[in-house]
Amino acid sequence: MNLEQVYKDANALLEGHFLLASGNHSARYLQSAKVLEYPSKASKLTDALAKLITDAGIEVDTVCAPALGGVLAGYELARSLDVRSIFVEKDGEGGMVLRRGFEITPGEKVIICEDIITTGGSALKAAQAIEALGGEVVAFASLANRGFCKRVGGAQEAKIECKLPADKPLFSLDDFTFEMYSPDECPLCKAGMGEAVKPGSKG
Ligand code: ZN
């Protein structure tokens, strides 16, 4: 699947000067919410992702997504896998927590699903919340892998920034490797492109 084309077709591959959640700057940004705007298209993506997971022999009872970004992808993946869908939320102290009456049965096999895995920080916090409740995190999944972690079948190796445990597989449809810059060294800042904007949740 040509995931870059899917994002371009949905006007979800933005170009400009962006502030990422990590604090770094980038000239390109993936706005997955746009790709997931049409459920019929979203389900085609998660059907393909579900096939990678089942072909690898991974058994899943539940998909868990970190809110807010992962919820739509997680819900559609759960539909494709025909399993339960839950999500964790920020606990206000840097971690993630299960709320809204969602429960985990000890030994329940859970896959953590994001729209995009960058360094995997949010996915790791979601996994820690599930494991603290006795769940077994069997794998991670995302539509796109932003180029720091190693996905099953992908060519690139995990970089030092990847926070996901090396002993758990990551399933993604494709790798997106865009340049990222620390604010001190950002050529877009130096070129006077204005302040980096955060397109995720602020317009
Ligand atoms: Zn910059």
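Along each chain, numbering runs from 1 in the same order as the chain's sequence is written. With the structure being a predicted model, the display of local features is reserved for residues of pLDDT at least 70 and the display and counting of side-chain atom pairs for 80 or more, all residues being used for whole-chain, interface and lining totals. Side-chain descriptors were evaluated using all non-hydrogen atoms of the structure, hydrogens and water having been removed beforehand.

Visitor: Can you tell me about the pattern of salt bridges, naming the residues and giving the values?
Guide: Salt bridge, as applied in this entry: a Lys or Arg side-chain nitrogen positioned within 4 Å of an Asp or Glu carboxyl oxygen. Within this structure, the stated rule accounts for 12 salt bridges. Ionic pairing is found between Glu4 and Arg28, a salt bridge with its closest N-O pair at 3.5 Å. Separated by 24 residues along the polypeptide, Glu4 in helix α1 (residues 3–9) and Arg28 in strand β2 (residues 25–30) bring together distant segments of the chain. Taking the shortest distance from any N to any O, the salt bridge between Arg100 and Glu89 comes out at 2.7 Å. Put simply, DSSP marks the helices as runs of H or I at least four residues long and the strands as runs of E at least two long, and each gets a number from the N terminus on.

Visitor: Can you lay out the coordination of the zinc ion for me, pointing to particular residues and giving the numbers?
Guide: Surrounding the zinc ion are the protein donor atoms His17 (NE2), His25 (ND1), Cys186 (SG) and Cys189 (SG), which sit 2.1 to 2.4 Å from the metal. Only N, O and S atoms count as donors, using a 2.8 Å cut-off from the metal and 3.2 Å for Na, K and Ca, and because water is excluded some sites may appear unfinished. For four-coordinate sites, all angles between 85 and 135 degrees define a tetrahedron; for four- and six-coordinate sites, opposite donors beyond 155 degrees with the remaining angles between 65 and 115 define square planar and octahedral shapes respectively, and all other cases count as irregular. If you look at the zinc ion, its 4 donor atoms make angles of 97 to 117 degrees with each other, and the shape they trace is tetrahedral. Of note, the donors binding the zinc ion are all from one chain and are spaced H-x7-H-x160-C-x2-C. Of this pair, His17 sits in strand β1 (residues 13–19) while Cys189 sits in helix α6 (residues 187–190), and the two are 172 residues apart along the sequence. We call a residue buried when its accessible area falls under 20% of the maximum for its residue type, exposed when it is over 50%, and partly exposed in between, using a 1.4 Å probe and counting protein chains only. Taking the relative accessible area as the measure of exposure, Cys189 reaches 32% and is therefore partly exposed.

Visitor: Let's hear about the nonpolar core: which residues, and what values?
Guide: Tyr7, Leu49, Ile53, Leu77 and Leu143 are the most contacted members of the largest nonpolar core, which totals 31 residues. Within the residue set of this core, elements represented by two or more residues are α1, α3 (39–55), α4 (71–81), β6 (109–117), β7 (136–145) and β8 (170–175). The residues touching Leu77, leaving out its near neighbours within four places in the chain, are Thr46, Leu49, Ala50, Ile53, Val63, Cys113 and Ala141. Joining through side-chain atoms within 4.5 Å is the link that ties buried Ala, Val, Leu, Ile, Met, Phe, Trp, Tyr and Cys residues into a set, and such a set is a nonpolar core. Ile86, Ile104, Ala123 and Phe140 belong to the second largest nonpolar core, which has 20 residues in total. A contact between two residues is defined here by any heavy atoms of the two lying within 4.5 Å.

Visitor: Quick one: what's the story with the sheet that holds strand β3 (residues 62–66), residue by residue and with numbers?
Guide: Spatial strand order, β5-β4-β3-β6-β7-β8: 6 strands in an open sheet with mixed pairing. The sheet is open, and its two borders are formed by β5 (96–98) and β8, each paired with just one other strand. The mean angle between the axes of side-by-side strands here comes to 25 degrees, regardless of whether they run parallel or antiparallel. Across the sheet, α3 is in contact with β6, β7 and β8; its angle to β8 comes to roughly 130 degrees. Along the sheet face, α4 touches β3, β4 (84–90), β6 and β7 and points at about 170 degrees away from the line of β3. Two strands make a pair as long as DSSP finds a minimum of two bridges between them. All axes are obtained by fitting lines to C-alpha atoms, using only the stretch in contact for helices, and the reported angles, taken between N-to-C directions, cover 0 to 180 degrees.

Visitor: Let's hear about the confidence of the model for the protein: which residues, and what values?
Guide: A residue's pLDDT is the confidence the predictor assigns to it, expressed on a 0 to 100 scale. Here the protein averages 93 in pLDDT, while 98% of its residues score no lower than 70. Ranking the helices and strands of the protein by mean pLDDT puts β3 first, with 98, and helix α2 (residues 32–35) last, with 90.

Visitor: Give a description of the layout of surface pockets that names residues and reports values.
Guide: Over the atoms, a rolled probe matching the size of one water molecule traces out where space is still vacant. Of the grid points, spaced at 1 Å and generated over the protein atoms alone, those admitting a 1.4 Å probe that cannot get out make up cavities, while open sets with protein on both sides within 12 Å along at least five of seven lines make up pockets; any residue with an atom within 4 Å of a point is treated as lining. Grid points are joined across faces, edges and corners, and a volume is the space filled by probe spheres set on the points. Roughly 1300 Å³ of volume is contained in the largest pocket. Looking at the lining of the largest pocket, the elements with two or more residues in it are β2, α2, α4, β6 and α5 (121–132). The residue makeup of the lining of the largest pocket, split by class, is 18 nonpolar, 13 polar and 8 charged. As a working rule, the residues Ala, Val, Leu, Ile, Met, Phe, Trp, Tyr, Cys and Pro are called nonpolar, Asp, Glu, Lys and Arg charged, and the rest polar, with Gly in that last group.

Visitor: Describe in detail the state of the cysteines, supporting the description with residues and values.
Guide: Only a pair of cysteine sulfur atoms within 2.5 Å qualifies as a disulfide here. This structure, assessed with the given rule, holds 1 disulfide. Bridging Cys149 to Cys162, the disulfide has an S-S length of 2.2 Å. Taking the torsion about the sulfur-sulfur bond, which here is approximately 105 degrees, the covalent link between Cys149 and Cys162 counts as right-handed. Residue Cys149 is located in the loop between β7 and β8, and its partner Cys162 is located in the loop between β7 and β8; the two are separated by 13 residues in the primary sequence. For Cys162, a relative accessible area of 18% translates into the label buried.

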